[in-house]
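What follows is each chain in one-letter form.
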Amino acid sequence: MQTLSLDTSMGEPRLKISDDLTDFPKEIFELADSLEILDLSNNQLSALPPEFAQLKKLRIVFFNNNQFEEFPEVLTQCPNLSMISFKGNQLKSISETALSPNIRWLILTNNHLTELPRSIGKLTKLQKCMLAGNQLRSLPPEMANCQSLELLRLAANQLETLPEWIFTLPRLTWLAYAGNPCCQSTQQNRFLAMIEPAELQLGEVLGQGASGVIYKGQWQSGGPSGLVQDVAVKLFKGDITSDGLPTDEMQACIAAGIHPNLVNVLGKLSEPINGKAGLVFSFISNNYENLGTPPSLVTCTRDTYPENAGFTLPVILKITRGIASVVTHLHARGIMHGDLYAHNILVNSKGKSILGDFGAASSLNIGDAISSQALQRFESRAFGCLLEDLLDRHIGDNNQEEETVVQQLRDLQHQCMASDPTARPLLENVCQTLSEVTQLV
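What counts, and at which threshold
Residues numbered from 1 in each chain as written. Predicted model: local features only at pLDDT ≥ 70, side-chain atom pairs only at ≥ 80, totals over all residues. Heavy atoms only, no water. Pairing = 2+ DSSP bridges. Helix = DSSP H or I, 4+ residues; strand = E, 2+ residues; numbered from the N terminus. Axes fitted to C-alpha atoms, helices over the stretch in contact; angles between N-to-C directions. Contact = heavy atoms within 4.5 Å. Buried < 20%, exposed > 50% of the residue type's maximum accessible area, 1.4 Å probe, protein only. Polar contact = N/O pair within 3.5 Å; in protein donor to acceptor, adjacent residues only side chain to side chain. Core = buried A, V, L, I, M, F, W, Y, C linked by side-chain atoms within 4.5 Å. Phe/Tyr/Trp six-rings, centres within 6.5 Å; stacked < 30°, edge-to-face > 60°. Lys NZ or Arg CZ within 6 Å of the ring centre and 35° of its normal. Nonpolar A, V, L, I, M, F, W, Y, C, P; charged D, E, K, R; others polar. 1 Å grid on protein atoms, 1.4 Å probe; cavity = no way out; pocket = protein on both sides within 12 Å on 5 of 7 lines; lining within 4 Å. Points joined across faces, edges and corners; volume = space filled by probe spheres on them. Expected span 1.5 Å × (residues − 1). Parallel < 35°, antiparallel > 145°, perpendicular 65-115°, else oblique. Salt bridge = Lys/Arg side-chain N within 4 Å of Asp/Glu carboxyl O.

**Overview of the sheet that holds strand β11 (residues 212-220)**
Strand pairing in a sheet relies on backbone hydrogen bonds. The paired strands run either parallel or antiparallel.
Okay, so step 1: Across the sheet, six strands lie side by side as β9-β13-β14-β12-β11-β10; this open sheet has mixed pairing. The sheet terminates laterally at β9 (193-195) and β10 (200-208), the two strands that pair on one side only. Geometrically, the sheet is characterised by an average inter-axis angle of 35° between neighbouring strands, direction not taken into account.
Okay, so step 2: Two strands pair when backbone bridges link them, and strand β12 (residues 228-236) and strand β14 (residues 278-282) are joined in this way by five bridges, in the antiparallel orientation. By the bridge assignment for β14, V231 is matched with S282.
Okay, so step 3: Seen against the sheet, helix α1 (residues 246-255) touches β12, β13 (265-269) and β14 and runs at an angle of roughly 35° to β14.

As structure tokens, then:
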């Protein structure tokens, strides 16, 4: 192998190699004094050498899409390692001594795990845990000690029930559990047009995520002389994502129904395009943009924003009232969004908001008020995080009237983010509070 050099363009010494490696490159140890981020995804690795412990400055490792069957215990000897990803491997087991208490972000998506070690309860710094696409039938009760946990992905496993301790975690905010026996399919009590691929012309790519690609398109319905309209077409990849299964996302999109703060689903493809199932949505004009950007390696669970981002009080109220209203609508229809983040919200300059991305959505059993409301209160905390982000970037005249309203919004934020989940207001109550506050402006 040729001499390795670190990439420091993003401020952190990092190294990425994707070259069908079957053995760990020993040349990497020459970089031990400075290497912080190591990405060896998309290789054929199945083990790490004992010398890996030399990488004392390593903070983040990616071993996605390799051939590991066991979680390497040598990783515990890297004292600064806080983010570990083994997405898309062959992991079957994790020993009781393999997980370091310094782990903050653990990605084990799409493996063959049937159980987790009890020692995961020692990960008191764990904030983000990605477990979708395994064979887990239960979670160890010791995991209740992971009091810093904020984002948990459990979709596409074999869980018969959600453990009671999940509802007591003080910071858990973003939860996905679709595709388990404990999660009923979302009800699709809605007629949806079946759209022939021949009726569509696909254009430029508008965006893409883990579950699929969104194209700008034109839909001509009713034959050659029919109406032509601009649409957005999402083609689903079909593979398991960090959030769950694309089929569950499709069902949730359809079941969500119609609301002013949702993208309207116009129809479903009658047959796949290039082997991919798809949905057709109304087209959103380009005067909308993402409210925020996804969390970074540093922020872990919290969204990021441009340095110059700022929001006036009327815009903050418009955004939050719209989002509280649409989430209340989803809850009433038996859907938990699971990924209520600014980066999944489109806004225009006046604060009109549109909530999207149902990749982490799960169904709520609204017939069981106790469990349903407990799950809804996770979304209350997510709303509180969103409100906090906006208020932290508030720009205004700082007059007494405005300061009073901002303080009331801060009070609402703190209620939504209460460490006792049972103390958080439901989103339907949040809607009422926001309506009362808006009348003061």
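**With respect to the sheet that holds strand β2 (residues 37-39)**
Okay, so step 1: Within the open sheet, the eight strands sit side by side as β1-β2-β3-β4-β5-β6-β7-β8. Their pairing is parallel. Each edge of the open sheet carries a strand with a single partner, namely β1 (14-16) and β8 (174-176). Pairwise comparison of adjacent strand axes, ignoring direction, gives a mean angle of 5° for this sheet.
Okay, so step 2: Judged from the three bridges that link them, strand β7 (residues 151-153) and β8 form a sheet pairing that is parallel. Looking at β8, one finds that R153 is bridged to A176.

**Quick notes on the side chain of S362**
Okay, so step 1: Structurally, S362 is set in strand β19 (residues 362-363).
Okay, so step 2: With relative accessibility at 1%, the residue S362 sits in the buried group.
Okay, so step 3: At 3.3 Å, the side chain of S362 and the backbone nitrogen of A178 are in polar contact.
Okay, so step 4: Apart from the residues lying within four places of it in its own chain, the contact partners of S362 are A176, Y177, A178, C183, G334, I335 and M336.

**Let's talk about α1**
Okay, so step 1: Among the 10 residues of α1, eight are classified as buried, and the element is accordingly described as predominantly covered.
Okay, so step 2: Listed in full, the buried residues belonging to α1 are P246, D248, E249, M250, A252, C253, I254 and A255.
Okay, so step 3: Each element contacted by the buried residues of α1 is listed here: β12, β13, β14 and β16 (335-336).
Okay, so step 4: Following α1 by one or two positions, G257 adopts a phi angle in the positive range, close to 75°.

**Let's talk about the nonpolar core**
Okay, so step 1: Within the largest apolar cluster, 65 residues are counted, with the highest numbers of intra-cluster contacts made by L38, F52, F71, M143 and I166.
Okay, so step 2: Once residues within four sequence positions are removed from consideration, M143 is found in contact with L116, I120, G121, C129, L131, L149, L152 and W165.
Okay, so step 3: By size, the runner-up hydrophobic cluster in this structure holds 62 residues, among which are A256, L340, A361 and L412.

**Describing the packing of aromatic side chains**
Okay, so step 1: Taken as a whole and judged by the stated rule, the model has nine aromatic pairs.
Okay, so step 2: Where F63 meets F86, the ring centres are 5.1 Å apart and the plane angle is 25°; that geometry is what we call stacked. One end of the pair, F63, is in the loop between β3 (60-62) and β4 (83-85); the other, F86, is in the loop between β4 and β5 (105-107), and 23 residues separate them in sequence. A single burial state applies to F63 and to F86, both of which are buried.
Okay, so step 3: An aromatic cluster of three or more residues is present, and its members are F24, F29, F52, F63, F68, F71 and F86.
Okay, so step 4: Sitting over the face of the ring of W105, K128 holds its NZ or CZ atom 3.9 Å from the ring centroid.

**Concerning the packing of helix α3 (residues 369-392) against helix α5 (residues 427-438)**
Each pair of packed helices can be summarised by the angle the axes make with each other and by the distance between the axes.
Okay, so step 1: Where α3 contacts α5, the axes come no closer than 9 Å and their chain directions differ by 35°. Every residue of α5 that contacts α3 at E379, S380 and F383 is listed here: L427, V430 and L434.
Okay, so step 2: When grouped by side-chain class, the residues that make up the contact of α3 with α5 number four nonpolar, one polar and one charged.

**Re empty space enclosed by the protein**
Okay, so step 1: Counted by the stated rule, this structure contains one cavity of 30 Å³ or more.
Okay, so step 2: Considered as a void within the structure, the largest cavity measures approximately 50 Å³ in volume.
Okay, so step 3: Along the lines of polarity and charge, the residues of the lining of the largest cavity split into eight nonpolar, no polar and three charged.

**Observations concerning the pairing of β10**
Okay, so step 1: Note: β10 against β11, six bridges, orientation antiparallel. If you follow G207 over to β11, its bridge partner there is I214.
Okay, so step 2: Connecting β10 to the antiparallel partner β11 that follows it, the hairpin turn spans three residues.

**A word on α3**
Okay, so step 1: Under the 1.5 Å per step criterion, the end-to-end length of α3 is 34 Å for 24 residues, consistent within 8% with the ideal 34 Å.
Okay, so step 2: The buried fraction of α3 is high, at 18 of 24 residues.

**Regarding the packing of helix α2 (residues 313-332) against α3**
Okay, so step 1: Their axes nearest at 11 Å, the elements α2 and α3 cross at an angle of 170°. Accordingly, the angle class assigned to the pair α2 and α3 is roughly antiparallel. Residue-level contacts link I316, I319, T320, I323, A324, V327 and H331 of α2 to Q376, E379, F383, L386, L387, L390 and L391 of α3.
Okay, so step 2: In the contact of α2 with α3, the residues fall into 10 nonpolar, three polar and one charged.

**Some points on the pattern of salt bridges**
Okay, so step 1: One pass over the full model with this rule turns up 10 salt bridges.
Okay, so step 2: Here R302 and D389 are joined by a salt bridge, their closest N and O atoms 2.9 Å apart. Here the residue R302 occupies a position in the loop between β15 (289-290) and α2, and D389 occupies one in helix α3, the gap between them amounting to 87 residues.
Okay, so step 3: With relative accessibility at 8%, the residue D389 sits in the buried group.
Okay, so step 4: When salt bridges with common partners are traced through the structure, they connect E150, R171 and R381 into a single cluster.

**Description of unusual backbone geometry**
Okay, so step 1: Backbone geometry at D20 places phi at a positive 55°, although glycine is not the residue there.
Okay, so step 2: With respect to the helices, strands and loops of the structure, D20 is situated in the loop between β1 and β2.
Okay, so step 3: Since its relative accessible area comes to 55%, D20 is described here as exposed.
Okay, so step 4: The phi dihedral of C300 falls on the positive side, at around 65°, and the residue is not glycine.
Okay, so step 5: In this fold, C300 is placed in the loop between β15 and α2.
Okay, so step 6: When its relative accessible area of 0% is taken as the criterion, C300 is described as buried.

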